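Each chain is listed here by its residues.
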Amino acid sequence: MLSNTPPQETARASRIVVQDISHHYGQRRALNQLSFEVHTGEIFGLLGPNGGGKTTLFRLLSTLLPLQAGSAEIAGLDLATRSQEIRNLIGVTFQSPSLDGKLTVQENLKHQAHLYGISGALMRDRIANALSRLGLTDRKGDLAESLSGGLKRRVEIAKGLLHSPRVLLLDEPSTGLDPGARHDLWKYLKQLQQENGVTILITTHLMEEAEHCDRLGILNRGELVTCGTPDELRASVGGDCLTIQAEHPDELARLITEKFGVSPQRINASLRLEHPRGHEFLKDLIDAFPDQVTSVSLGKPTLEDVFIHETGHQFWQAEESE
Ligand SMILES: Nc1ncnc2c1ncn2[C@@H]1O[C@H](COP(=O)(O)OP(=O)(O)OP(=O)(O)O)[C@@H](O)[C@H]1O
């Protein structure tokens, strides 16, 4: 589609560039000097606990909130000055449901098409296409309120696709979906990416969902703490992760530091340690403190470990403390 476009233009075709964005609600800081770039045709995930600032960022990027500080660009268009054009080229799905339950699936889509000035044959074509792409053709006559959570989400996404956006912003699209529906949703997103080259920015607080993204940014309390492919992020954690249970974890942490010169982190009732050769260290640990250690588990780093590594606290702990 873009074969005749100069390479620089192609790279900018639907990329998202966020630079030093900060946002406050009164005294409360929601975003702090956030910068990242989503490349054209990429699925980029923002992983963060609730309250991390994901929704605020989405409201800014979808032009619903004015920028307070910093700048952003979508497909080469400046967010502060080209908001109308940006609206035409992005599709957005927010966490809060936007369907009219008393209208059918098809009527909901028609209503959305009209909002974008799409009518007649083009509208019929686009709706048929969106219904088919999202596996909704058989349900087009059903009232939206009669659909399951998974189907409603699909209709929400179908709405966001009607004006053929080059950029899709999806705020926690799989909230409330069962694993089967979540799997289907990701199948559609990958299809959109591969067949239409759509750039997708998605937020999630689900580690397993984050694994599907090409690249991820981890957002904690309004700050981007790290960014990379899921493999790069996992590799950034030093080797293996050991979780140690003990009757007196603080006392054991002190002993471990004295003997091995490493400092375990206290995470709730456990101790956590990263070690380049975890299996060897595990043996040394049990040999050294057979009475103090009640159990140890050893594993390769997960995205949850990346979060702890970068922030010093657990993912869910970050949520609860909000
Ligand atoms: N309208 C508002 N007025 C005051 N504070 C707000 C408002 N909206 C969000 N906040 C605060 O800003 C911070 C970021 O909120 P935001 O909704 O962007 O986070 P989030 O990561 O999307 O969380 P969630 O997934 O729970 O929506 C939170 O501390 C929140 O309480």
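If you're wondering where the values come from, they're calculated on a predicted model, not measured in any experiment. (Residues numbered from 1 in each chain as written. Predicted model: local features only at pLDDT ≥ 70, side-chain atom pairs only at ≥ 80, totals over all residues.)

What follows deals with the packing of helix 4 (residues 105-115) against helix 6 (residues 149-161). The angle between the axes and the distance between the axes are what describe a pair of packed helices. Two elements in contact, helix 4 and helix 6, have axes separated by 9 Å at closest approach and are oriented at 30°. The angle between helix 4 and helix 6 falls in the class roughly parallel. Between helix 4 and helix 6 the crossing geometry is right-handed. In this structure, helix 4 uses Val 105, Asn 108, Leu 109 and Gln 112 to contact helix 6, whose residues at the interface are Val 155, Ala 158 and Lys 159. Looking at the contact of helix 4 with helix 6, its residues break down into 4 nonpolar, 2 polar and 1 charged. (Axes fitted to C-alpha atoms, helices over the stretch in contact; angles between N-to-C directions. Helix = DSSP H or I, 4+ residues; strand = E, 2+ residues; numbered from the N terminus. Parallel < 35°, antiparallel > 145°, perpendicular 65-115°, else oblique. Left-handed = near helix turned anticlockwise from the far one by under 90°. Contact = placed C-beta atoms within 7 Å. Nonpolar A, V, L, I, M, F, W, Y, C, P; charged D, E, K, R; others polar.)

Among the 5 residues of strand 7 (residues 167-171), 5 are classified as buried, and the element is accordingly described as predominantly covered. Neither face of strand 7 is exposed, since Val 167, Leu 169 and Asp 171 on one face and Leu 168 and Leu 170 on the opposite face are all buried. Pairing of strand 6 (residues 90-93) with strand 7 involves 4 bridges; the strand directions are parallel. Each bridged residue has a counterpart across the sheet, and for Ile 90 the counterpart in strand 7 is Val 167. Across 5 bridges, strand 7 lies against strand 8 (residues 199-204) in parallel orientation. By the bridge assignment for strand 8, Leu 168 is matched with Ile 200. Running through helix 7 (residues 179-196), the crossover from strand 7 to the neighbouring parallel element strand 8 is right-handed. (Buried ≥ 20, exposed ≤ 12 C-beta atoms within 10 Å, placed from the backbone. Pairing = 2+ DSSP bridges. Right-handed = clockwise from strand over helix to strand, strands pointing away.)

What the 4 strands build is an open sheet, ordered 2-1-4-5; its pairing is antiparallel. Looking at which strands have only one partner, the edges of the open sheet turn out to be strand 2 (28-38) and strand 5 (77-78). Pairing between strand 1 (residues 16-25) and strand 2: 7 bridges, direction antiparallel. In the strand pairing of strand 2, His 24 is matched with Arg 29. Here helix 2 (residues 54-61) sits on the sheet and contacts strand 1, strand 2 and strand 4 (69-74); the angle it forms with strand 2, its principal contact strand, is near 65°.

A few words now on the domain arrangement of the protein. Under the domain assignment used here, the protein contains domain 1 (12-89 + 165-233), domain 2 (102-163) and domain 3 (239-300). Computed over C-alpha atoms, the centres of domain 2 and domain 3 are 54 Å apart. (Domains from an automatic or database assignment.)

Take helix 5 (residues 120-133) next. The end-to-end C-alpha distance of helix 5 is 20 Å, a good match for the 20 Å that 14 residues give at a rise of 1.5 Å each. Of the residues making up helix 5, those classed as buried are Arg 126, Ile 127, Ala 130 and Leu 131. All buried residues of helix 5 fall inside an arc of 130° around its axis, so they share one side. Looking at helix 5, the residues exposed on the side facing more than 90 degrees away from the buried face are Ala 121, Leu 122, Asp 125 and Ser 132. (Expected span 1.5 Å × (residues − 1). Arc of directions from axis to C-beta.)

Core analysis: the biggest nonpolar cluster contains 45 residues, and Leu 47, Leu 61, Ile 74, Leu 169, Ile 200, Leu 201 and Ile 218 have the highest contact counts within it. Counting 16 residues, the second largest nonpolar core, distinct from the first, contains Leu 99, Ala 113, Leu 131 and Leu 136. (Core = buried A, V, L, I, M, F, W, Y, C linked by C-beta atoms within 7 Å.)

Take the site of the ligand next. Taken together, 12 residues sit near the ligand, with Tyr 25, Ala 30, Asn 50, Thr 55 and Thr 56 positioned nearest. Going through the elements one at a time, strand 2 and helix 2 are the ones with two or more residues in the shell around the ligand. In terms of residue count, the dominant contributor to the shell around the ligand is helix 2 (3 residues). (Near = placed C-beta within 6 Å.)

With that out of the way, let us pick up the sheet that holds strand 12 (residues 265-267). Across a sheet, paired strands are connected by hydrogen bonds in the backbone, their directions being either parallel or antiparallel. If you trace the 4 strands from one edge of the open sheet to the other, you get 12-13-11-14, paired in antiparallel fashion. Edge positions in the open sheet fall to strand 12 and strand 14 (293-299), since each of these has one partner strand only. When the angles between neighbouring strand axes are averaged without regard to direction, this sheet yields 30°. Of the strand pairs in this sheet, strand 11 (residues 240-246) and strand 14 are connected by 6 bridges, and their pairing is antiparallel. Counted as the bridge partner of Ala 246 is Val 293 from strand 14. Across the face of the sheet, helix 10 (residues 249-260) comes into contact with strand 11, strand 12, strand 13 (270-275) and strand 14 while running at roughly 25° to strand 13.

Within the secondary structure, Pro 290 sits in the loop between helix 11 (278-288) and strand 14. On the basis of neighbour counts, which here come to 8 C-beta atoms within 10 Å, the residue Pro 290 falls in the exposed class. In sequence terms Pro 290 and Val 306 are 16 residues apart; their C-alpha atoms lie 29 Å from each other.

The next thing to look at is the UniProt feature "domain: ABC transporter" (unreviewed entry) in the protein. Here the UniProt feature "domain: ABC transporter" (unreviewed entry) sits at residues 16-246. Between the first and last C-alpha atoms of residues 16-246 the distance is 47 Å; the span itself is 35% helix and 29% strand. (UniProt positions renumbered as here; feature names shortened; annotations may be inferred.)

It is the contact of helix 4 with helix 5, at a shortest axis distance of 10 Å, that shows an interaxial angle of 130°. With respect to their mutual orientation, helix 4 and helix 5 come out oblique. In the crossing of helix 4 with helix 5, the sense of the turn from one axis to the other is right-handed. Judged by residue contacts, Gln 106, Leu 109, Lys 110 and Ala 113 of helix 4 engage Met 123, Arg 126, Ile 127 and Ala 130 from helix 5.

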